[in-house]
Amino acid sequence: MAIASLPRSVVALGFVSLLMDLSSEMIHSLLPLFLVTILGASPVAIGIIEGIAEATAAMVKIFSGTLSDRFQRRKPLILLGYGLAAVSKPLFPLANSVETVLTARFLDRIGKGIRGAPRDALIADVTPETQRGAAYGLRQAMDTMGAFLGPLTAALLMATTDDNFHLVFWVASLPALLAVAFILFAVTEPPRTTQTHPSRTPITLAAARELPLRFWSILALAAILALARFSEAFLLLRAENLGLAATWTPLVLIAMNLVYAVSAYPFGKGFDSGQRRALLLWGIGFLIVADLLLALADHFWFVHVGAMFWGLHMGATQGLLSAWVAEHAPHHLRGTAFGLFNLISGVALLGASTLAGGLWSGIGPKATFLSGAAFATIAAIGLIASRAWQNR
């Protein structure tokens, strides 16, 4: 299925994601080392910062998703979310303490939380059901291309500016502003439909009961996977732990995101052709391999290989889970469904990142990644068991 056949707003949102992730990953690919080497933070502090940041984004998503359902308007919230993230970028080069970085990450993730569920719901709104896997796969692929270009740009700037963290952070602010311009001029949404359901805030027990059992099973699986997939900051710390110089640590994310970007769209098309459980099981398997490689690595090159398997996992699972949520959510609760999906995933990620930091500091890096492999194995067993139960 050609990309040109997808709705214009889907492609535009793909470019928005590419530009914002370019901006964000220029910062995030260096942030763990900036915190450790410049500001003196510990791995536990990094785990807490990353966990709080992602959990904040997830918690905000439930409210933005339900608001977009209530008012049947997605674009204003998308614009507000990306705009807030763009405003937060200059705080990073101005940071002179861990608390300032936490504030910047908190603000940035609030923006992510505001935009996430309405954006994913808008993609479902404008895309025919037979193209949704491809649509989510394309947006994820373009998002990840930005996540590939961000660390690459950061590494080149670090190499040519004698490791000037602050300059890289300032340059990162520019593509974020361009992303906001794309939303203003290239993203449109369908007209409001006739209100067929009561105008109420959908965060109620009655609304939850309208979501089918299959949706809740997808939510449970996503939560376990989030426990297995803690913050990617620990991939960077693992590379540094094995001797990779600060200038070149962004190469770890470059390897991961290149594989992620290349694989996300084909895996999304696989969803449309009906290969759902098999793809998800493969994706979980990729994560187990990644965690084992990262746990047992004795040279930083093994971290790059592990990061590539991590990218395969993301490509096989993230767009697929989004398309699955869209498939099983009623139209009038679509924003709410994506909000719940991201809320549960984010809370699990908070626990996972905090646990990862604690294991790293208390036992060592190997324990951090082995715990991830254990949670991923549990998710795989749960997926296989749920299929066997359905076939009874």
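Residues numbered from 1 in each chain as written. Predicted model: local features only at pLDDT ≥ 70, side-chain atom pairs only at ≥ 80, totals over all residues. Heavy atoms only, no water.

Bringing a nonpolar patch on the surface into the picture now. On the surface, a nonpolar cluster with roughly 280 Å² of combined accessible area is contributed by Val-44, Ile-48, Ile-52 and Phe-106. A total of three residues in the nonpolar patch trace back to one element, the largest contributor, which is helix H3 (residues 43-71). Checked against the element boundaries, Val-44 lands in helix H3. (Patch = residues over 30% accessible without salt bridge, like charges linked within 9 Å, V, L, I, M, F, W, Y side chains within 5 Å. Areas by Shrake-Rupley, 256 points an atom, 1.4 Å probe, with all protein chains shown as cover. Salt bridge = Lys/Arg side-chain N within 4 Å of Asp/Glu carboxyl O. Helix = DSSP H or I, 4+ residues; strand = E, 2+ residues; numbered from the N terminus.)

Geometrically, a packed helix pair is captured by the angle between its two axes and the distance between the axes. It is at 7 Å that the axes of helix H1 (residues 8-28) and helix H7 (residues 132-160) come closest, and there the two elements cross at 30°. Comparing the axis directions of H1 and H7 gives the class roughly parallel. Seen from above, H1 lies across H7 with right-handed handedness. Of the residues that constitute the contact of H1 with H7, the class distribution is 16 nonpolar, five polar and four charged. (Axes fitted to C-alpha atoms, helices over the stretch in contact; angles between N-to-C directions. Parallel < 35°, antiparallel > 145°, perpendicular 65-115°, else oblique. Left-handed = near helix turned anticlockwise from the far one by under 90°. Nonpolar A, V, L, I, M, F, W, Y, C, P; charged D, E, K, R; others polar.)

It is worth spelling out the packing of aromatic side chains at this point. This model, assessed by the stated rule, comprises nine aromatic pairs. Aromatic side chains Phe-234 and Trp-360 sit 6.0 Å apart centroid to centroid with 45° between the ring planes, which places their arrangement in the tilted category. On the criterion of sequence distance, the pair formed by Phe-234 in helix H12 (residues 233-241) and Trp-360 in helix H16 (residues 334-362) is long-range, its members being 126 residues apart. Residue Phe-234 is classed as buried on the basis of its relative accessible area, which comes to 0%. Considering the side-chain rings of Phe-300 and Trp-301, the 5.6 Å spacing of their centres and the 40° angle between planes classify their relative orientation as tilted. A relative accessible area of 16% means that Phe-300 is categorised as buried. Judged by its relative accessible area of 53%, Trp-301 falls in the exposed class. (Phe/Tyr/Trp six-rings, centres within 6.5 Å; stacked < 30°, edge-to-face > 60°. Buried < 20%, exposed > 50% of the residue type's maximum accessible area, 1.4 Å probe, protein only.)

By themselves, these are just geometric observations and shouldn't be taken as functional.
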